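Coordinate inspection notes
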Amino acid sequence: MTNPNIPIDTEASPEGDDDDSNPACVMVFNASDPSGAAGLAADVTAIASVGAHALPVVTGAYARDTAEVFDHFAFEEEAVAEQARAILEDVSVQVFKVGFVGSPEAISTIAEIAADYAEVPLIAYMPNLSWWDETQIDLYLDAFRELMLPQTTVLVGNHSTLWRWLLPDWNSDRSPTARDIAKAASEMGVPYTLVTGIPLPEQYIDNVLATPQAVIGSEKFERFEAIFSGAGDTLSAALAALVASGTDLAAAATEALSYLDRCLDAGFRPGMGNVVPDRLFWAQPEGETQQLTDEEAQALQVFDMPARDTKH
């Protein structure tokens, strides 16, 4: 059984919750990322930033820094299932978000859980896996195509990543459009596809939410010169949180893309590698700082830390 299509004006409403002020809940399946750039770190921070509550299920762990991924250690599928089913017995979930889960076995387990909660929309993000072994990539993509895509409501991914995966035999002189990619995804049961990073002239990129029949929405942004880690997880997590909170899909995609653009604009480089999106950009002070009293200045001296460099 597949997850339902999200009508463009659907609003998610938590069931069995008498307090409408509670934030919506998003269950995220992803790997732990010690750099804080992607994975569960991106999911939890982005979801909280746009006002929802994350229920993080750890599917494995990266060995990586801010520049590259060196390895990944997958959890056994039983560990993934036990984490998810324990909290699902207790908390109503409005949206599932699936990132990189590490193995075909974990994909199968999560797809089975999603099928048991078929009324809950599922937003899946497919990252660039070029750092991984080629045989593992093929096994993972095959399992995701056969098991996860039939459960997916919205597929999110970069234009080049989705092109190579879903249209490997593309032989036209032109690049595939977002609708071309959405059509390929729909053959696996995906009703909506959000294609990011479509190259445009003059250093712009397009981001398009599409079905095989129509473009539902698009947002163009100027290309950043910096190389980022974690942009895709940030976008898909924000989209999941907005849909879970009741925003219709087209508006949620526009808002999530705008949120990502702000995160990238405020991005910072915590190490010697790539820039990390600042998912809490709105919490940073703007303009001139307020004059501190002597007591406040003395108290702040306890935190003898340099200011962050947010330039990129």
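Overview of the structure. Quantities reported herein were computed from a predicted structural model and do not represent experimental measurements.

What counts and what doesn't
- Residues numbered from 1 in each chain as written.
- Predicted model: local features only at pLDDT ≥ 70, side-chain atom pairs only at ≥ 80, totals over all residues.
- Heavy atoms only, no water.
- Pairing = 2+ DSSP bridges.
- Helix = DSSP H or I, 4+ residues; strand = E, 2+ residues; numbered from the N terminus.
- Axes fitted to C-alpha atoms, helices over the stretch in contact; angles between N-to-C directions.
- Contact = heavy atoms within 4.5 Å.
- Parallel < 35°, antiparallel > 145°, perpendicular 65-115°, else oblique.
- Left-handed = near helix turned anticlockwise from the far one by under 90°.
- Nonpolar A, V, L, I, M, F, W, Y, C, P; charged D, E, K, R; others polar.
- Core = buried A, V, L, I, M, F, W, Y, C linked by side-chain atoms within 4.5 Å.
- Buried < 20%, exposed > 50% of the residue type's maximum accessible area, 1.4 Å probe, protein only.

**Quick notes on the sheet that holds strand β4 (residues 95-98)**
Pairing within the open sheet is mixed, and its nine strands lie in the order β3-β2-β1-β4-β5-β6-β7-β8-β9. In the strand order of this sheet, the two ends are held by β3 (69-74) and β9 (215-222), each with one partner. Strand-to-strand twist across the sheet, computed as the mean angle between neighbouring axes with direction ignored, equals 20 degrees. Pairing geometry for strand β7 (residues 192-200) and strand β8 (residues 204-210), over six bridges, is antiparallel. Across the sheet, residue Leu-194 finds its bridge partner in β8, namely Leu-209. Against the sheet, helix α5 (residues 159-166) makes contact with β5 (122-126), β6 (154-158) and β7, and its axis sits at roughly 110 degrees relative to β6, the strand it touches most. Sitting on the sheet, helix α6 (residues 178-186) is in contact with β6, β7, β8 and β9, with an inclination near 150 degrees to β7.

**Section: the packing of α5 against α6**
At a minimum axis distance of 10 Å, the contact between α5 and α6 shows a crossing angle of 45 degrees. The angle between the axes of α5 and α6 places the two elements in the oblique class. Regarding α5 and α6, the two cross each other, and that crossing is left-handed. Contacts between α5 and α6 pair His-159, Leu-162, Trp-163 and Leu-166 from the former with Ile-181, Ala-184 and Ala-185 from the latter. Class assignment of the residues belonging to the contact of α5 with α6 gives a composition of six nonpolar, one polar and no charged.

**A closer look at the nonpolar core**
Judged by nonpolar contacts, the single largest core of 50 residues is most densely connected at Met-27, Phe-29, Phe-96, Tyr-140, Phe-144, Leu-155 and Trp-165. Core analysis: the next-biggest nonpolar cluster, separate from the first, contains 39 residues, Ala-54, Phe-221, Leu-239 and Ala-244 among them.

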